[in-house]
Amino acid sequence: MDSCPRTAPSARRAERRRRAAGSVALLLAAGLTAGCGVRLEAPPPAEPVPDALEVVRRTAVSDALLVADRAELALESVPVAQERMITELSRVAADSRTQATELGGVYDSGLAVDDPSVSPAGSPSQEIAEVPDVVQALVDAAARSRTAAGSTTDGPMARLLASVGAAQTVSAGRLADLADVAGPEPMDAQVPEPTGEGRAAEPGSPSGSGTPTPEQSEDAPTQDAPSEGADGESPDPDGQEDGVVPEGLTAKELSSLVVTEDSAGYAMRLRAAIADGSLRDRLLARTRAHGDRARGWAEVAGTQDTAQDPRRAAYAVPRVAEENDKALVRTLEDGLATDYATLVARTAPGTRMVLVDLLVDSAVALDDWGAEPAPFPGLPEQAGDDAG
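Residues numbered from 1 in each chain as written. Predicted model: local features only at pLDDT ≥ 70, side-chain atom pairs only at ≥ 80, totals over all residues. Heavy atoms only, no water.

What to know about the overall build of the protein
Counting its secondary structure elements, the protein contains 10 helices and 0 strands. N-terminal to C-terminal, the α/β element order of the protein is α-α-α-α-α-α-α-α-α-α. Of all 388 residues assigned to the protein, the portion counted as buried reaches 41%. At a minimum sequence separation of 6, the contacts of the protein that also span at least 24 residues come to 78%. For the protein, the accessible area works out to roughly 20,800 Å², and carbon and sulfur atoms hold 53% of it. (Helix = DSSP H or I, 4+ residues; strand = E, 2+ residues; numbered from the N terminus. Buried < 20%, exposed > 50% of the residue type's maximum accessible area, 1.4 Å probe, protein only. Contact = heavy atoms within 4.5 Å. Areas by Shrake-Rupley, 256 points an atom, 1.4 Å probe, with all protein chains shown as cover.)

As structure tokens, then:
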């Protein structure tokens, strides 16, 4: 009789524990179910929004691939007898794909694109194409590359875009000549005159104009480049102008430009003195162009008609095989193309357009004097790949 009262409370406690455990299990199950519901309702991952620099890069890649596609389509309609045209279109297609790769290629986030209206970058917009279509694609691509090279705040990308634009200009001209159609407008690259705030300071005077005086450090930039915007582009990319003095050139770089341009003109003038006919006329034309540019850069530097003017009466002329005039010109123009491409990367966005145009001018001159077209004129580190 006494054992019953002692065991009953124990049984009741056990029952309460079982009920509590069951409640906890139900709560856990409910929580897991709710958690699964939240994950199922979360939106799928979306394509990241590209910044301004990425938009510039993607546009250049798309342009290069579009040129390649159109060149390959145009090849299908070229008669077998037109060997030069076939060779040129094949080169343009190959070089354009090389440029697209060097620019970073087509962006792929790894996310599926369900919109059927979205096509891969660079895909052809037409099923057939002829040589004039390729020329127009090259002209348009070169214009966009030139504008982007002048405005982007990423120096290395500006240098690459300027080189690609120069190559596209050369290819457009070559194809236009073969097909006897209109090509790119002739390049008229002029060193800007330093006027107003851009005028060079007089030697010995304080410089607040943005151009270094001879007393300033050779490595001091002409003035601080404008600060970048949050998107990585120039604060006013549409404000870029032709005919403005590039900001960021040091006194040493300006002096080097003066000497390089002047020595190129000197070497060509010597060759013109012993040439005749059309060759003499062509050499003299380049001589005048380089002499004008040497004088222009001296004015920008503030050393024109001063004791600090680095120009000399004579220079050592590069040695070339068999005193070949064309080889000499190619050597000189290639050096200038490299110099201008380098300075594109070092100068301020919105002010470097003259450097971009001078790179294009040297690339066109290289083609005019018999150089093999390259995908990246002015970029010597790409020369090995070009040869391959």
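Examining the packing of helix α7 (residues 277-301) against helix α9 (residues 353-368)
Viewed as axis vectors pointing N to C, α7 and α9 meet at an angle of 160 degrees, and their least axial separation amounts to 13 Å. By the criterion of interaxial angle, the relationship of α7 to α9 is roughly antiparallel. Between α7 and α9 lies a crossing of left-handed hand. Only Val-354, Leu-355, Leu-358, Asp-361, Ala-365 and Asp-368 of α9 make contact with α7, whose side of the interface consists of Arg-282, Arg-286, Arg-293 and Trp-297. Counted by class, the contact of α7 with α9 contains 5 nonpolar, no polar and 5 charged residues. (Axes fitted to C-alpha atoms, helices over the stretch in contact; angles between N-to-C directions. Parallel < 35°, antiparallel > 145°, perpendicular 65-115°, else oblique. Left-handed = near helix turned anticlockwise from the far one by under 90°. Nonpolar A, V, L, I, M, F, W, Y, C, P; charged D, E, K, R; others polar.)

Thoughts on the confidence of the model for the protein
Mean pLDDT over the protein works out to 82, with 69% of the residues at or above the 70 mark. Throughout residues 115-122 the model reports pLDDT below 50, and contacts reaching past four residues in sequence, or to other chains, amount to 8 contacts. Low pLDDT, under 50, characterises residues 197-211; the stretch is placed with 37 contacts to residues that sit more than four places away or in other chains. (pLDDT = per-residue confidence, 0-100.)

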